[in-house]
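Residues per chain are reported as follows:
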Amino acid sequence: MQKSVRLKSFELVAGDIRDVDVELLHALSISVRWPHRPKDWELFRRAGHGIVAVDGIGRVFGSAMWFPQGDNFATVGLVITTPRAQAQGGGRWLMDQILEQCGNRNLALNATHAAYPLYVSLGFTSEAIVYMRQGEVQQTLPALPTLGGELNELPSDRLTEITALDERAVGTNRARLLALLAKDASIATLSRGGEVVGYSMRREFGRGFVIGPIVAQNARDAVHLTAVHLKNLEGRFTRVDTRERDGVFAEFLQRSGLGVAETVTTMSKGRRFLNREDKNPWVYGLAGHALN
């Protein structure tokens, strides 16, 4: 695979994303109005692998990352190019190298409107829409449905209590990712009859906080697992990424002050990524666009 590319008047070279000053990555995300802080970039670099497109004097013109989850699956994200590089094929060049690194893994990603045609041309197929809901949390939350279970806080050293549940919801083992997220997160669980049937995480991200993953057996459970975090975030900027377009959960988020800011498209290459079944838990809130 080509490790450098000439884009008209300048040449870009591929480098390991871990070798670049995080402030340059922060500047890259700011240039496309993405909210990632340096601390968020550091988390991504611990969670996955990636490349950057750098010119001859060290300026970063693009990035792309992939995050292994289990032995045969990975998510792709943080595919960013400056307008100058994008217009000259920089995005495709980055993705070609990411696909080479991922080998035969099944893949999933969340495509922005601008990047969607590129991913279609690379063999990705659409599966669902993700609604990025964000805003300042209302001082008074909407009335909650009856709680059918017990909510508790989960210490980060007891993640084994939720990893199997998460694997049933996602279809792959994310134990390593959950451990990384949990280091700086508040974790809530919902139990019935002594069994954990749902969980959620809240952590600082971007402009404020993100709540996700949110894994639950139904929308009412998801409401409670979200509300337990929102009640401590009144007036704070908060984000939840969800594939729920309408219904109990979406309505609760809307009435809590989290309106739809934009949408992206979940796409897959290889096996189908989303397989919702009535008796299995479901991901009501994503860990993040890059992490799913």
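In the block above lies the structure referred to throughout.
1. Describing the pairing of strand 13 (residues 259-269)
Part 1: Relative to strand 13, strand 6 (residues 106-111) runs antiparallel, the two sharing five bridges. Of the residues in strand 13, the one forming a bridge with Asn-110 is Thr-266.
Part 2: Two strands pair when backbone bridges link them, and strand 7 (residues 125-136) and strand 13 are joined in this way by nine bridges, in the antiparallel orientation. Along strand 13, the bridge assignment pairs Thr-125 with Ser-268.

2. Remarks on the packing of helix 1 (residues 22-31) against helix 2 (residues 38-47)
Part 1: One can describe the packing of helix 1 onto helix 2 by two numbers: an axis separation of 9 Å at closest approach and a directional angle of 110°. Our classification of the angle between helix 1 and helix 2 gives roughly perpendicular. Seen from helix 1, the contacting residues are Val-22, Glu-23, Leu-25, His-26 and Ser-29; seen from helix 2, they are Pro-38, Trp-41, Glu-42 and Arg-45.
Part 2: Here the residues of the contact of helix 1 with helix 2 sort into four nonpolar, two polar and three charged.

3. Comments concerning the pattern of salt bridges
Part 1: Per the stated rule, a full pass over the model turns up 11 salt bridges.
Part 2: Taking the shortest distance from any N to any O, the salt bridge between Arg-174 and Asp-166 comes out at 2.8 Å. Per residue, the accessibility class of Arg-174 equals that of Asp-166, and both read buried.
Part 3: Salt bridges linked by common partners bring Arg-37, Asp-40 and Glu-204 together as one network.

What counts as what
- Residues numbered from 1 in each chain as written.
- Predicted model: local features only at pLDDT ≥ 70, side-chain atom pairs only at ≥ 80, totals over all residues.
- Heavy atoms only, no water.
- Pairing = 2+ DSSP bridges.
- Helix = DSSP H or I, 4+ residues; strand = E, 2+ residues; numbered from the N terminus.
- Axes fitted to C-alpha atoms, helices over the stretch in contact; angles between N-to-C directions.
- Parallel < 35°, antiparallel > 145°, perpendicular 65-115°, else oblique.
- Contact = heavy atoms within 4.5 Å.
- Nonpolar A, V, L, I, M, F, W, Y, C, P; charged D, E, K, R; others polar.
- Salt bridge = Lys/Arg side-chain N within 4 Å of Asp/Glu carboxyl O.
- Buried < 20%, exposed > 50% of the residue type's maximum accessible area, 1.4 Å probe, protein only.

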